[in-house]
Each structure stands twice: as structure tokens, then as C-alpha cells.
Amino acid sequence: MKASVIVPAYNSRERLYNSLLSLNEQECTEPFEVIVADNGSEDGTLSMLESFSANFPLSFVRIKENRGIAYGRNQAVRNARGDILIFHDSDMLAEKDLVAKHIKAHENQDGLVVCGMFWKRIYSFYYDRFEKEHKEKLAELYEELPGDKESLLDESEIKDGSFSEKCFDLDTDFIKVLKSILEKYGDDLKGYHLPWRFFITNNSSVKRKHVADLGLFDEGIVRYGFEDYDLGIRLHQAGLSFQLRRDIMSVHQEHPSNCASVDDIRTNIAYMCDKYNNIHSLGVHLAFNGPFDADLTNSIMADIEELLEYEKYESLLHLFLELLHVVKDRNLDPDWRTKAPRVTKKSFDLQQAQKLLSKAEKKLGVTHFARALKALIADLLHVDLK
């Protein structure tokens, strides 16, 4: 088996049906399978899977209760036979060449992570639970809003691929930042030090052996999101390269958000910062908590990688890490001011830090890191380093 398409699902029967229809139309000469992990769905997902007429080997793992998307994906990965894992969520519509292009991208390239286009969106169903922004957008398209779970796409549009004519770009600050990174560093992400930010598991692929070597997805992440970032970080730290492929396109069927609250995001960021609490993972802290824009963050990371080559500068990096923890606490904990400070003026020898930082600037030219460290010290400790 050349590839295994991994699809986690939870109460998304109607969107999953559409997704499987799009996979039925794949123009791929290589053998591939689809494995669905049914995460305790209660909406008839299982009966739909049992009756679906697939043009490919289709199997599914029934999980009695939802234990998180990482757990579900892992159950599917453990049953996978393909050399390549293609991650494709239950709410995605695949263009006809998606599987073939993912497979071809890995030919003669062992350590590659392929990130397909992930910011295309489509309305395939109307939901009464849609957020206000969706209802306003749909009101512009329809004189009268449809009923709950009323289909907005014909099966024929999925089968012939014309659904892509109805898709649109997700327009959020997050997507704008990622697009700006691509504009500067290109789709091969050369020179960009946080490529795992593009590893979004609704349209991505990597060889199965690499995922197995790293222990699969982290099942400790049970709140919504971040399990893909976590695996992406580990793939990056293991030395794999990342590539964005705009021509490998899958379209997200819009639906009410799975994120229960902002607490999900806060909990996951705190978990990630605790997990990667070391100077070799400063990119994680900068990406999630750093008060710097994307371009400056990347320049800081370039300087950090230079500093990591020299043991004598580790104290500067540890100070930087502790200060980023303070930024995290300020961002995530409303009561952070009432608690004992994590870092004070007495936590580090700031005079020695200033001398060491000056040497690092002169010897290595790490001006971006130096300015960032000075800015954090001034902001959080109210000390101005020269």
C-alpha cells in the first residue's frame, strides 16, 4: 500500500460523507487506503461508514468515547499500511489529484513534510449553530437562510470537482501572517526557522516511519487543536524539511467551531510551553507568546540558532526563556499580577548578562536577539540594558 489517508471524525456524518465522495473521485494510479477514526460519534457516522460504497479500501476504527483528536488519529495510524500518511480531516473536500500529488511529492525525498493548501473554505451545509459571521456571509448569498443541516452543494459538484468554484479564502489574522511568511521565504520555506507552523493536519503528508519514530501524536493534548503543531515541532527538531504545496488543494467545509472556549487555547499553549521548556525549543515560546511580529521572530530565531552553538551563551538563552514564560503568564492568566513573580531583578546577574550580550553581539552579530532580550528586560523587569 503506497499511502494511507487518515481521517478523524466526531459527529460530522454529513461532511464526512462529502469528504469520502471526493476521495472516491481521486485520479490516482497508486494504491491507497482510507482509515476513519470515529471518535465516539452519536450522529449516525458509524452506520454511514458501514453503508458507504468506496472505490478504495475503506476501514474504520470505532472509539466508544471521544478521547481527543490525537488519540483518534493514533488509532488510525496504528492500523495504517501505507508508506505515506496523508492527513485529511472529516470536513475536507479533496481535489481529484490530491492523493496522487501527495504521493509524488515524496518520490526520492525521504525527510520531507508536505503541507498542502489549507486556507480554502466552502459552505456545504447550513447550521443553525453557525457563528454570527457565517450567518451574515450566507445572508448575502441567500434571500432566505436554509434550514439546519440543509445541503448547499449537490453531490454532482463534488464528483465532478466543480465545488472548487464556490470556495473562498479564509480571511483571518492567522492566515494573513502565514501568507506574509510565504511571500518572503517562498513555498519551500528556505530561511524560515518555524516551518512547523504550516503543518496543519487537514491537508498534509509525511512518511509513516517518521511519525512512528517520534511516537505518533501526543495524546496528552485533549483540548481542541495543537496536536498537529506538536507533531510538526518534533518532525522539525528531528531534521525533516517542510514544503508548502499550493497545488495540492483541499477545501474545508465550514461548520460551527469545535473550540469550546478560549480556555482550550490557553490550556494547550500552557501545555506546549511546559512540554518544550528548554532553550532548544525557544521557537515554540516565541510563536505562541512572543510579542514580536513574524519577520522579527524569524530573525530572532536565526540568532538563537547561532548562540546555541556556544555553551557560554546558554545563560542568556535561559534568561530569554524565563522572560517568555512571564509573557505567557501575562497573556494567559488574568490573575498573574497577584502571584509571586517568576522572574525578578535578582533572578539573574543582569550586569553579567549585559557583558555577555555585548560580547555575543560583537562576535556573532546577533543584534535581533540582543534587541529582543533588552526589550523584554525593560518591559518586565524595568531595567534598561545598554
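Here we summarise the structure given alongside this text. (Residues numbered from 1 in each chain as written. Predicted model: local features only at pLDDT ≥ 70, side-chain atom pairs only at ≥ 80, totals over all residues. Heavy atoms only, no water.)

### Quick look at the overall build of the chain
Then comes step 1: Regarding its fold elements, the chain presents 15 helices and 10 strands.
Then comes step 2: The C-alpha radius of gyration computed for the chain amounts to 23 Å, which stays within 12% of the reference 21 Å derived for 386 residues, consistent with globular compactness.
Then comes step 3: Along the first, second and third principal axes, the C-alpha atoms of the chain reach 70 × 50 × 40 Å.
Then comes step 4: Sorting the 386 residues of the chain into buried and exposed places 53% on the buried side.
Then comes step 5: When contacts within the chain are restricted to residue pairs at least 6 apart in sequence, those whose partners lie at least 24 apart make up 79%.
Then comes step 6: For the chain, the exposed surface amounts to about 17900 Å²; the carbon and sulfur share of it is 45%.
Then comes step 7: Within the chain, the 64 negative side-chain charges are centred at a point lying 7 Å from the centre of the 50 positive side-chain charges. (Helix = DSSP H or I, 4+ residues; strand = E, 2+ residues; numbered from the N terminus. Rg over C-alpha atoms; globule rule 2.2 N^0.38 Å. Buried < 20%, exposed > 50% of the residue type's maximum accessible area, 1.4 Å probe, protein only. Contact = heavy atoms within 4.5 Å. Areas by Shrake-Rupley, 256 points an atom, 1.4 Å probe, with all protein chains shown as cover. Lys, Arg positive; Asp, Glu negative; His and termini not counted. Charge placed at Lys NZ, Arg CZ, Asp CG, Glu CD.)

### Examining the packing of aromatic side chains
Then comes step 1: Summed over the entire model, instances satisfying the criterion amount to 20 aromatic pairs.
Then comes step 2: An angle of 35 degrees between the planes, with centres 5.4 Å apart, marks the rings of Y123 and F168 as tilted. Here Y123, found in the loop between strand 7 (120-122) and helix 5 (132-141), pairs with F168, found in strand 8 (residues 168-169); they are 45 residues apart in sequence, far enough to count as distant. Of the two residues, Y123 and F168, both sit in the buried class. (Phe/Tyr/Trp six-rings, centres within 6.5 Å; stacked < 30°, edge-to-face > 60°.)

### Digging into the pattern of salt bridges
Then comes step 1: All chains considered together, the criterion is met by 33 salt bridges.
Then comes step 2: Here R62 makes a salt bridge to D38, at a shortest N to O gap of 2.5 Å. Of this pair, R62 sits in strand 3 (residues 58-63) while D38 sits in strand 2 (residues 32-39), and the two are 24 residues apart along the sequence.
Then comes step 3: When salt bridges with common partners are traced through the structure, they connect D97, K101, R245 and D247 into a single cluster. (Salt bridge = Lys/Arg side-chain N within 4 Å of Asp/Glu carboxyl O.)

### Here's the deal with the environment of L373
Then comes step 1: Take L373: it is sitting in helix 15 (residues 367-380).
Then comes step 2: With a relative accessible area of 0%, L373 lands in the buried category.
Then comes step 3: Apart from residues lying up to four places away in sequence, L373 is in contact with L316, L319, F320, L323 and L357.

### Topic: the packing of helix 7 (residues 173-185) against helix 12 (residues 294-307)
Then comes step 1: Here helix 7 crosses helix 12 at 60 degrees, and the two axes come no closer than 10 Å. One finds that helix 7 runs oblique with respect to helix 12. In this structure, helix 7 uses V177, I181, K184 and Y185 to contact helix 12, whose residues at the interface are A294, D295 and N298. (Axes fitted to C-alpha atoms, helices over the stretch in contact; angles between N-to-C directions. Parallel < 35°, antiparallel > 145°, perpendicular 65-115°, else oblique.)

### A few points about the environment of I377
Then comes step 1: Along the chain, I377 turns up in helix 15.
Then comes step 2: Through-space distance from the C-alpha of I377 to that of D293 is 18 Å; in sequence the pair is 84 residues apart.
Then comes step 3: Leaving out residues up to four positions away in the same chain, I377 has contacts with L319, L323, L350, H382, V383 and L385.

### A short note on the packing of helix 13 (residues 314-332) against helix 15
Then comes step 1: Where helix 13 contacts helix 15, the axes come no closer than 10 Å and their chain directions differ by 50 degrees. Considering the angle they form, helix 13 stands oblique to helix 15. Between helix 13 and helix 15 the crossing geometry is left-handed. From helix 13, L316, L317, L319, F320, L323, L324, V326, V327 and R330 reach across to helix 15, where they touch F369, A372, L373, L376, I377, D379 and L380. (Left-handed = near helix turned anticlockwise from the far one by under 90°.)

### Some remarks on the environment of K104
Then comes step 1: Among the structural elements, K104 can be located in helix 4 (residues 98-105).
Then comes step 2: Expressed as a C-alpha distance, the spacing of K104 and C28, which sit 76 residues apart in the sequence, is 10 Å.

### Topic: helix 15
Then comes step 1: With 14 residues, helix 15 extends 20 Å between its outermost C-alpha atoms, agreeing within 8% with the 20 Å of an ideal straight helix rising 1.5 Å per residue.
Then comes step 2: Taken as a whole, helix 15 has its buried residues at F369, A370, A372, L373, L376, I377 and L380. Burial along helix 15 is one-sided: seen end-on, the buried residues are contained in an arc of 165 degrees.
Then comes step 3: Buried residues belonging to helix 15 abut helix 12, helix 13 and helix 14 (350-364).
Then comes step 4: Phi turns positive, to about 60 degrees, at H382, one or two residues after helix 15. (Expected span 1.5 Å × (residues − 1). Arc of directions from axis to C-beta.)

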